[in-house]
Amino acid sequence: MSLVVARTIAQARALVAEARRQGRSIEFVPTMGALHEGHGSLMDLARRPQGFLVVSIFVNPIQFDRADDYERYPRTLEADVEFCRRRGVDLVFAPSIEEMYPQPQRAFVEVTGLTEHLCGRFRPGHFRGVATVVTKLFGIVQPDRAYFGEKDAQQLAVVRRMVRDLNMPVEIVACPTVREADGLAMSSRNGRLSPAERSAASAIYRALQAAAAQVRAGARDPAVVRRAGLALLQAEPLLRPEYFDIVDPEEIQPVLMIESEVLIACAAWAGTTRLIDSLRATPPLNA
Ligand code: AMP
């Protein structure tokens, strides 16, 4: 079957219902567009023999804490649809703002605790916007499985917890981070970097790796691990670190002592572009 682009909720629902009648499973990859190989890897994992692959493309205004970031967010629908076609997507759901928010949104989904630290601390309302739009999209697409990147580790934890706590009938599949050759995590925002910022940005991955190496070598004190990572970030004058933290991967709370797997997460600004990345690391058994 060839790819269909649905601009309305009614059309998307009808196509999904038809696929279900044919006995196909519904596989769902939510995105904000400006698609790259990171998104492509989610689509590759989501493509199944009896599956109906739905990709949503929607730049969700209620998850942006800064108007300038929302306005500058890249929008490349035509190229995105071609990208999806090449990737074997069955349905692209690309609604307008009016379609998703025809009246002021009064119902919101909030995941507490997990949103206090990392990006939640610096982007007020962001995860409420994410949880709300993901809930709306799940209500429209009603997927069997939904695919999320580990790159956005806090988002993944928040969505997992939301689905569990609210008994949503969908399986969340975590997908590994796809990186550029120098380690920079692929992101729709990378295109906004100047050549000098782009080259500085690779320090983020080096910093995460240095911190992860400390954990794997048995460092127990998160402050020590944090210092090792931050030193590499701070050596790069074009980067302004926002946070560099060691947290519990499920609860997203800072750990006092590293005793089991941790999430090392970082956000840094390069000029006016904010970049995030993270790595998981497990201490040695005998530490
Ligand atoms: P976005 O369009 O940025 O909202 O991302 C849509 C989905 O793609 C999210 O689940 C992201 O975590 C995931 N994603 C974005 N970048 C990458 C990447 N470099 N590797 C893997 N997944 C990614």
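Residues numbered from 1 in each chain as written. Predicted model: local features only at pLDDT ≥ 70, side-chain atom pairs only at ≥ 80, totals over all residues. Heavy atoms only, no water.

A few points about the pattern of salt bridges
Right, so step 1: Taken as a whole, this structure holds 23 salt bridges when the rule is applied.
Right, so step 2: With its nearest N and O atoms 3.9 Å apart, the salt bridge here joins Arg48 to Glu27. Note that Arg48 is positioned in the loop between helix H2 (37–46) and strand S3 (51–57) and Glu27 in strand S2 (residues 25–31), a separation of 21 residues in sequence.
Right, so step 3: Judged by relative accessible area, Glu27 falls into the buried class, the value being 0%.
Right, so step 4: The residue Asp44 makes a salt bridge to Arg87 at a minimum N-O spacing of 3.0 Å. On the criterion of sequence distance, the pair formed by Asp44 in helix H2 and Arg87 in the loop between helix H4 (77–86) and strand S4 (91–93) is long-range, its members being 43 residues apart.
Right, so step 5: The class for Asp44 is partly exposed, based on a relative accessible area of 34%.
Right, so step 6: Its relative accessible area of 15% is what places Arg87 among the buried residues.
Right, so step 7: Ionic contacts of the salt-bridge type, sharing partners, join the residues Asp65, Asp69, Arg123, Arg189 and Arg192 into one network. (Salt bridge = Lys/Arg side-chain N within 4 Å of Asp/Glu carboxyl O. Helix = DSSP H or I, 4+ residues; strand = E, 2+ residues; numbered from the N terminus. Buried < 20%, exposed > 50% of the residue type's maximum accessible area, 1.4 Å probe, protein only.)

Looking at the domain arrangement of the chain
Right, so step 1: By domain assignment, the chain separates into domain 1 (4–175) and domain 2 (190–279).
Right, so step 2: Averaged C-alpha coordinates put domain 1 and domain 2 at centres separated by 26 Å.
Right, so step 3: In this assembly, domain 1 packs against domain 2 so that about 1600 Å² is buried in total across both faces, 56% of it on carbon and sulfur atoms.
Right, so step 4: Three residues, Arg72, Leu118 and Phe122, lead the burial of domain 1 against domain 2; their summed loss comes to 35% of the area buried on that side. (Domains from an automatic or database assignment. Buried area = accessible area lost by both parts, 1.4 Å probe.)

Side note on the sheet that holds strand S8 (residues 262–270)
Right, so step 1: The strand order across the open sheet formed by three strands is S7-S8-S9, and the pairing between neighbours is antiparallel. Here the strands that pair on one side only, and so sit at the sheet edges, are strand S7 (239–247) and strand S9 (273–281). For this sheet, the mean inter-axis angle between neighbouring strands, taken without regard to orientation, is 15°.
Right, so step 2: Sheet analysis places S8 next to S9, joined by nine bridges and oriented antiparallel. Considered in S9, the bridge of Ile264 is made with Leu279.
Right, so step 3: Against the sheet, helix H10 (residues 222–234) contacts S7 and S8, and its axis sits at roughly 160° relative to S7. (Pairing = 2+ DSSP bridges. Axes fitted to C-alpha atoms, helices over the stretch in contact; angles between N-to-C directions. Contact = heavy atoms within 4.5 Å.)

Structural notes on the site of the ligand
Right, so step 1: The immediate surroundings of the ligand are formed by 17 residues, with His39, Gly149, Asp152, Val178 and Met186 found nearest.
Right, so step 2: For the ligand, an oxygen atom lies 2.9 Å from a polar atom in the backbone of Met32.
Right, so step 3: For the ligand, an oxygen atom lies 2.9 Å from a polar atom in the backbone of Gly149.
Right, so step 4: Coverage of the ligand by the protein amounts to 93% of the 490 Å² it exposes when considered alone.
Right, so step 5: For the shell around the ligand, the secondary-structure elements that each account for two or more residues are S2, H2 and strand S5 (145–149).
Right, so step 6: It is H2 that contributes the most residues to the shell around the ligand, three residues altogether.
Right, so step 7: The class makeup of the residues in the shell around the ligand is eight nonpolar, seven polar and two charged. (Near = heavy atom within 4 Å. Polar contact = N/O pair within 3.5 Å; in protein donor to acceptor, adjacent residues only side chain to side chain. Areas by Shrake-Rupley, 256 points an atom, 1.4 Å probe, with all protein chains shown as cover. Nonpolar A, V, L, I, M, F, W, Y, C, P; charged D, E, K, R; others polar.)

Remarks on the packing of helix H9 (residues 195–216) against H10
Right, so step 1: Running from N to C, H9 and H10 cross one another at 155°; their axes reach a closest spacing of 8 Å. The angle between H9 and H10 places the two elements in the roughly antiparallel class. For the element pair H9 and H10, the recorded crossing hand is right-handed. Along its contact with H9, which presents Ala203, Ile204, Arg206, Ala207, Ala210, Ala211, Gln214 and Val215, the element H10 presents Val224, Val225, Ala228, Gly229, Leu232 and Leu233.
Right, so step 2: Partitioning the contact of H9 with H10 into residue classes produces 11 nonpolar, two polar and one charged. (Parallel < 35°, antiparallel > 145°, perpendicular 65-115°, else oblique. Left-handed = near helix turned anticlockwise from the far one by under 90°.)

Quick look at the sheet that holds S2
Right, so step 1: The strand order S1-S4-S3-S2-S5-S6 describes an open sheet built from six strands, whose pairing is parallel. Each end of this open sheet is capped by a strand with a single partner; those strands are strand S1 (4–6) and strand S6 (171–175). Neighbour-to-neighbour, the strand axes of this sheet turn through a mean angle of 25°, independent of strand direction.
Right, so step 2: Here S2 pairs with S3 via seven bridges, running parallel. Residue pairing for S3: Val29 is matched across the bridge by Val55.
Right, so step 3: On the sheet, helix H7 (residues 126–141) packs against S2, S3, S4, S5 and S6 and is oriented at approximately 150° with respect to S2.

Quick look at the nonpolar core
Right, so step 1: Of all hydrophobic cores here, the largest spans 47 residues; its most connected members are Phe138, Met162 and Ile172.
Right, so step 2: When residues of this core are assigned to their parent elements, the largest contribution, nine residues, is made by H7.
Right, so step 3: Those residues in contact with Met162 that sit more than four places away from it in its chain are Val109, Val111, Ala131, Val134, Thr135, Phe138, Asn167 and Met168. (Core = buried A, V, L, I, M, F, W, Y, C linked by side-chain atoms within 4.5 Å.)

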